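A look at the structure
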Amino acid sequence: MFRTALRNVLAHKARLLMTVLAVTLGVAFVSGTLIFNDTLSDGYRDQTAKSYAHVDVEATSYDPSDKVPGLSAKALDEIARLDGVAGAAGRVDGGADVADKDGGLIGGGSSGMGANFAPGKDGKDPLYVFTDGSGPTEPGQVALDKDTAEKGGHHVGDTVRVAFRGPAKTYELSGIFTTDDTSVALGDSLVLFDTPVAQRLFLQPGFYEYVTVTAGSGTSNTELAASLRKLLPDDTDVKTGQQLADERAKGGANDASTLSTILLAFAAVALFVSVFLIANTFTMLAAQRTRELALLRAVGASRRQVTRSVLIEAMAVGSVASAAGLGLGAAMAAVVRSTVGVFGAKNPDGPLVVTSTTVLVAAVVGVLVTMLAAWLPAHRAAKIPPVAAIGSAHLPATTRSLLIRNLFGGFITLLGAAVVVAGAGAGGSTGKGLVGLGAILAVTGVLVLIPLLSRPVIAVVQPLLRAGFGVSGKLAGQNAVRSPRRTGATASALAIGLTVVSAMTVLATTLGQSTDRMTTDIVKADYMATASGVSLDTSAAAALRKVPGVTTVSQEQQSWMQLDGIQEDVSAVTPADFDEAIRLPVVSGSQGTLAKGQVAVADDEARAHGWKVGDTLPAVYGDSDKSRKLTVGAVFESNEVVLPVVVSADVIDPNATSTTFSKSYLKTDGSTSEKALADALAGRPGIKIDDRQGIRDEFSGSFDTVLNVLYALLAISLVIAVLGVVNTLAMSVFERQREVGMLRAVGLDRRGVTRMIQLEAVVISVFGAAIGIAVGAFLGWAVCEVMKGEIPGYAFVLPWDRFGLFLLLAALVGLLAAMWPARSAARLNMLTAIKTE
């Protein structure tokens, strides 16, 4: 039986090709994800080890709100004089972005760092190797890492603009360096300053955030760390370089692991879709080999041996697909890794890592998925009686088996739908759990019911097929429902992919339009100025106010406070300007109370903590110890425009020592242009001006980006679904050779045969898409209902335009999938086909 199974694989290798491709793609997704994750994890580990190669111990003490914000110069001297210390360097760093020759921030901002150059007695800093020039030793000098200098077109001696808060400052470029710093290796920029300048910019003169220490000969890192803990205050964090490298590597590995989990979820969808293609293929092969399998039974093969024979075929197919998938997965990981740079990011250096675990997972997944999918067809094949060897008829499923299947599918579908509706009504974490459980049940039930649904659904379009395409259309409609199981299995692959896509589309569209509607209602301003990597200080607002035609500039100042013992993010505003630019969606109270020094809070925060208008709450401001009582003057709907707590800047300014100016809203008389506003901020790189449409895109455009990423990740499952349609049609044409020959004999020309196969593919594809869209829309509605308390300005939206696009794409998929089978059918020799058994 083993030899028989292998011979069958070789005899039907063309018909098994699509199955091999489907499993290969699924395994490639899984193995590629694992390889990419292992490569990133190893790369992070190696890179962080390099980053801390020159650091034996690090002592950190950083609290900018304290009178002693870090380690003092005196503490640094004491560390340097400690026994066992070969060298000690004080370090301080913070955000700093470098402008290119055109005035734009290199890397788009928000990823730049600034630090101090801390040379030893030899004039060198062991963390940096200069390839040109030298480190900054004067207040007007800076040094840049090599990648940043190349991106900005900067050379030693050039004038470089560096952005912090307020206008960018100009420095002379003293040197260009390389470093093993992990952030720089991953694409961030780094600018070095003279130590006094860095202290003044990022902390406080005379203080350091941390000190890096090198151990002398004969002193271990753990011994040195213990000595430092005794010397320094108890709140100082002392760790060895190895501990720091391990922590940093673990953080990078966790990021990679999160990405891998998401990718593996999509790989699971792809493999699930593959199951239908595999099951369909082996079902059709078993039907086509009815006489052969019956002969095996007639000469003494038991049912168990027939089942085993089919499963051996599946194992062979899975083994080949696993090997191919592993190779393709490694190639995919390499391509993804190399293309990350296109988006401005970098990966740690190092070779691709293919572990034994990845190889084992690829083998197990490929073989196991194929054998599980083939088990039911194998079980059915074993039931073929020996008497079937007399003829070549394909034995249909019994009425009883279809009845049991339909009853089971109907029950599971109704149960799942009921659970989903209950979850949508319950909301919260309970609702999410119920919707998840109900979705699994409902999708499973629909997949079981698809053969039953195929007849009535396709019957709706059969008159259109007859009217539009004549005999070819009539035959296509009849062929599509001839074998409901086969049609259902083929359509299921598309239905699964489009269920996920449609549910995601409904959720993203609802989120996007709800946010867009909320933003349009709230923002009255004509323009918005936002900062990337820098901060909009009061001088930026003053410059904007001087632009002719600007009537109001409402600057938002972001801070935080302890309100009633709960830490809250705060938008601090100037009430008069704020009223002109922003209309808070007030639920109770009045926006005007901000001018009285009262506080406005978001409704979700108010509900969570039991606050209402008129309540007096104790407030401790930001990073100060000052406190006072604040009265709740308004409760507003939570939204993306402002933070959960809004107060007058007069309340924050005297009490908080550190705040950030993130954006400014501008009202104009209509005579101001976007260019005029940008020109007013020309000395401040990294500041963007958005008009009304830009403001809407800023708050709601991210949903489309996320949705497009999801589409790309789900594309592989749709590719597998296409392979399923191709496979089904190709094998259907093979077993219907005599029928096609007879149709040709009675007058149907080649074009008619081609059209018949194409229309059959389109009908099956659109049927699967319609089922997927319907189920996906239902599940998307349920998810939106569960989350509506978390969606500002919630209003459920069905994206009919995208649903229509999905149906058109499904029809196109059907046409493309039918190209090869239709061509093969049209080229069949008429007489040869008629003689085929």
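Calculation criteria
- Residues numbered from 1 in each chain as written.
- Predicted model: local features only at pLDDT ≥ 70, side-chain atom pairs only at ≥ 80, totals over all residues.
- Heavy atoms only, no water.
- Core = buried A, V, L, I, M, F, W, Y, C linked by side-chain atoms within 4.5 Å.
- Buried < 20%, exposed > 50% of the residue type's maximum accessible area, 1.4 Å probe, protein only.
- Helix = DSSP H or I, 4+ residues; strand = E, 2+ residues; numbered from the N terminus.
- Pairing = 2+ DSSP bridges.
- Phe/Tyr/Trp six-rings, centres within 6.5 Å; stacked < 30°, edge-to-face > 60°.
- Axes fitted to C-alpha atoms, helices over the stretch in contact; angles between N-to-C directions.
- Contact = heavy atoms within 4.5 Å.

1. With respect to the nonpolar core
Residues Phe29, Phe282, Ile450, Ile757 and Ile771 are the most contacted members of the largest nonpolar core, which totals 87 residues. The leading source of residues in this core is helix α22 (residues 750-787), at 13 residues. In this structure, Met528, Ala634, Val642 and Phe699 belong to the second largest nonpolar core, which totals 21 residues.

2. Focus on the pairing of strand β10 (residues 169-179)
Two elements, strand β7 (residues 128-133) and β10, share 5 bridges in a ladder whose sense is antiparallel. Bridging across to β10, Val129 finds its partner in Thr178. Two strands pair when backbone bridges link them, and strand β8 (residues 141-145) and β10 are joined in this way by 5 bridges, in the parallel orientation. Across the sheet, Val142 pairs through a bridge with Leu173, a residue of β10.

3. Some points on the packing of aromatic side chains
On inspection of all chains with the given rule, the structure shows 8 aromatic pairs. Ring pairing ties together the aromatic residues Phe117, Tyr128, Phe130 and Phe177, which thus form one cluster.

4. A word on the sheet that holds strand β3 (residues 85-91)
The pairing of strands in a sheet comes from backbone hydrogen bonds and takes either a parallel or an antiparallel form. Taken together, the 4 strands give an open sheet; going across it, the order is β3-β13-β1-β14, and neighbouring strands pair in antiparallel fashion. A single partner strand is all that each edge strand has here, and the edge strands are β3 and β14 (237-240). Neighbour to neighbour, the strand axes of the sheet diverge by 20° on average, direction disregarded. The sheet contact formed by strand β1 (residues 57-60) and strand β13 (residues 210-215) spans 4 bridges and is antiparallel. Across the sheet, residue Ala59 finds its bridge partner in β13, namely Val211. Most of the contacts of helix α3 (residues 73-80) go to β3, to which it runs at about 165°, and overall it touches β3 and β13. The strands that helix α7 (residues 221-231) touches are β1, β3, β13 and β14; relative to β14, the one it contacts most, it runs at about 170°.

5. Thoughts on the environment of Ala634
Checked against the element boundaries, Ala634 lands in strand β21 (residues 627-636). It is 7.5 Å that separates the C-alpha atoms of Ala634 and Val587, two residues lying 47 residues apart in sequence. If sequence neighbours within four positions are ignored, Ala634 has contacts with Val586, Ser588, Gly589, Ser590, Gln591, Thr593, Val599, Ala600, Val601 and Val613.

Shape is all these values report; function is a separate question.
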